[in-house]
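Analysis of the macromolecular model
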Amino acid sequence: MREEILVIDDDEKITSMLRRSLTFEGYSVTTANDGLEGLRRILEQEPRLIVLDVMMPKLDGWEVCRRIRESGIDVPVLMLTAKDEVADRVKGLDIGADDYLVKPFALEELLARVRVLLRRRVEKAPQPTSRIEYEDIVMDHDTREVFRSGKRIELTTKEFELLNLFMQNPKRVLSRDLIMEKIWGYDYSGESNVLEVYIALLRQKTEEHGGKRIIQTVRGAGYVLRGDS
């Protein structure tokens, strides 16, 4: 799956140029035109890297960066600014930015910095555990097995991937669009109700032996792995 980059900038020429260039380089790119929209997309999509302009309407880049760091989100942030002043660069780094690029910039330099930041993220990422648990459900990535209360649950590949997405994000509401992108990809052109069908199948299999419902529907928002009844 392609790595996701979110570009937040109120200059449509820059967002359009970066979308084309980063997509050509093999990344999946989304854009936002102001700080509030960008913050919403960060919380919904969890991009792998953020290209963040400083001077924007509604919420500037300083505040966006500060808020995501206070939320515990450690996605790499590359800040863009028209000001080439040491105080501004220091401010950006102090509030949690990972790198800083002054406008106008050379596209080749931005692409190089993007590659470096993504490589650092991979290098410092903790090795995933092969076994994850939520309440009485156990998922083993090495054996591709799932158990609930000690009883094995037979899942197809897509069912396993869907449950894994929930298990990796317990108690977090996942939007329909986010799930579709993560499991089926942006270019999916099959049945529009495929997600609902798989949710129903997962519920049936995880509740087969009397287990309580753990995949909850949040009306108007999406689905969440939570032990509500």
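Predicted, not measured: the structure shown is a model, and the values here were computed from it. Here the residue index of a chain counts from 1 through its sequence in written order. Per-residue local features are limited, in this predicted model, to residues with pLDDT of at least 70; the limit for side-chain atom pairs, both in listing and counting, is 80 or more; totals at the level of whole chains, interfaces and linings are taken over all residues. With hydrogens and water excluded, all non-hydrogen atoms of the structure serve as input to the side-chain values.

Pairing is possible between side chains that carry opposite charge, provided their charged atoms lie close to one another. By definition, a salt bridge exists where a carboxyl oxygen of Asp or Glu is found within 4 Å of a side-chain nitrogen of Lys or Arg. Under the counting rule described, the total for this entry stands at 23 salt bridges. Between Lys58 and Asp34 there is a salt bridge, with the nearest N and O atoms lying 3.7 Å from each other. Residue Lys58 is located in the loop between strand 3 (49-53) and helix 3 (61-70), and its partner Asp34 is located in the loop between strand 2 (28-32) and helix 2 (35-45); the two are separated by 24 residues in the primary sequence. Throughout, exposure labels follow a simple rule: accessible area from a 1.4 Å probe, protein chains only, divided by the maximum for the residue type, with under 20% read as buried, over 50% as exposed, and the rest as partly exposed. Given the relative accessible area of 63%, Lys58 is considered exposed. For Asp34, a relative accessible area of 10% corresponds to the buried category. With a closest N to O distance of 2.2 Å, Glu63 and Arg66 form a salt bridge. A run of H or I in DSSP becomes a helix once it reaches four residues, and a run of E becomes a strand once it reaches two; helices and strands are each numbered from the N terminus.

On to helix 3. When we look at burial in helix 3, the residues that qualify are Gly61, Trp62, Val64, Cys65 and Ile68. Along the axis of helix 3, the buried positions cluster into a sector of 165 degrees, meaning they face one direction only. Pairs of N or O atoms are called polar contacts if they sit within 3.5 Å, as long as, within protein, a hydrogen donor faces a hydrogen acceptor (for residues adjacent in sequence, only side-chain-to-side-chain pairs). Capping the start of helix 3, Asp60 holds a side-chain oxygen 3.2 Å from the backbone nitrogen of Trp62, two or three residues further along. Positive backbone phi, approximately 85 degrees, marks Gly72, located one or two places after helix 3. By construction, the arc corresponds to the directions joining the helix axis to the C-beta atoms.

On to the sheet that holds strand 6 (residues 131-134), then. Sheets are built from strands paired through backbone hydrogen bonds, the pairs being either parallel or antiparallel. One requirement defines pairing of two strands: DSSP has to find at least two bridges between them. Strand order in this open sheet of 4 strands is 6-7-8-9, and the pairing throughout is antiparallel. Of all strands in the sheet, those bounded by a partner on one side alone are strand 6 and strand 9 (151-153). With direction set aside, neighbouring strand axes in the sheet form an average angle of 25 degrees. Bridge count for strand 6 against strand 7 (residues 137-140) is 4 bridges, and the pairing is antiparallel. Across the sheet, residue Tyr134 finds its bridge partner in strand 7, namely Ile137. Orientation is described by axes fitted as lines to C-alpha atoms, over the contacting stretch for helices, and by angles from 0 to 180 degrees between their N-to-C directions.

Here we come to helix 6 (residues 157-168). Taking 1.5 Å per residue, 12 residues should reach 16 Å; helix 6 reaches 16 Å between its end C-alpha atoms and fits that length. Among the residues of helix 6, Glu159, Phe160, Leu162, Leu163, Asn164, Leu165, Phe166 and Met167 are the ones counted as buried. Under the convention used throughout, the expected extent of a helix is 1.5 Å for every residue step, that is, one less than its residue count.

Next up on the list: unusual backbone geometry. In this structure, Pro104 follows Lys103 across a cis peptide bond, with omega equal to -5 degrees. By the element assignment, Pro104 lies in the loop between strand 5 (99-102) and helix 5 (107-124). For Glu46, which is not a glycine, the phi torsion comes out positive at approximately 50 degrees. On the secondary structure map, Glu46 appears in the loop between helix 2 and strand 3.

This brings us to the sheet that holds strand 5. With respect to topology, 5 strands assemble into an open sheet ordered 2-1-3-4-5, the strand pairing being parallel. The strands lining the two open edges of the sheet, one partner per strand, are strand 2 and strand 5. Averaged over all pairs of adjacent strands, the angle between strand axes in this sheet comes to 20 degrees, irrespective of strand direction. Bridge analysis of strand 1 (residues 4-8) against strand 2 gives 5 bridges, and the strand direction is parallel. Its bridge partner lying in strand 2, Val7 is registered against Thr31.

Our next topic: the UniProt feature "modified residue: 4-aspartylphosphate" (unreviewed entry) in the protein chain. UniProt positions are given in the numbering used here, feature names are shortened, and annotations may be inferred rather than shown by experiment. Using the residue numbers shown here, the UniProt feature "modified residue: 4-aspartylphosphate" (unreviewed entry) corresponds to Asp53. The residue Asp53 is located in strand 3 in this model. Contacts are assigned to residue pairs that have any heavy atoms within 4.5 Å of one another. Dropping the residues within four chain positions of it, Asp53 is found in contact with Ile8, Asp9, Asp10, Gly61, Leu80, Thr81 and Lys103.

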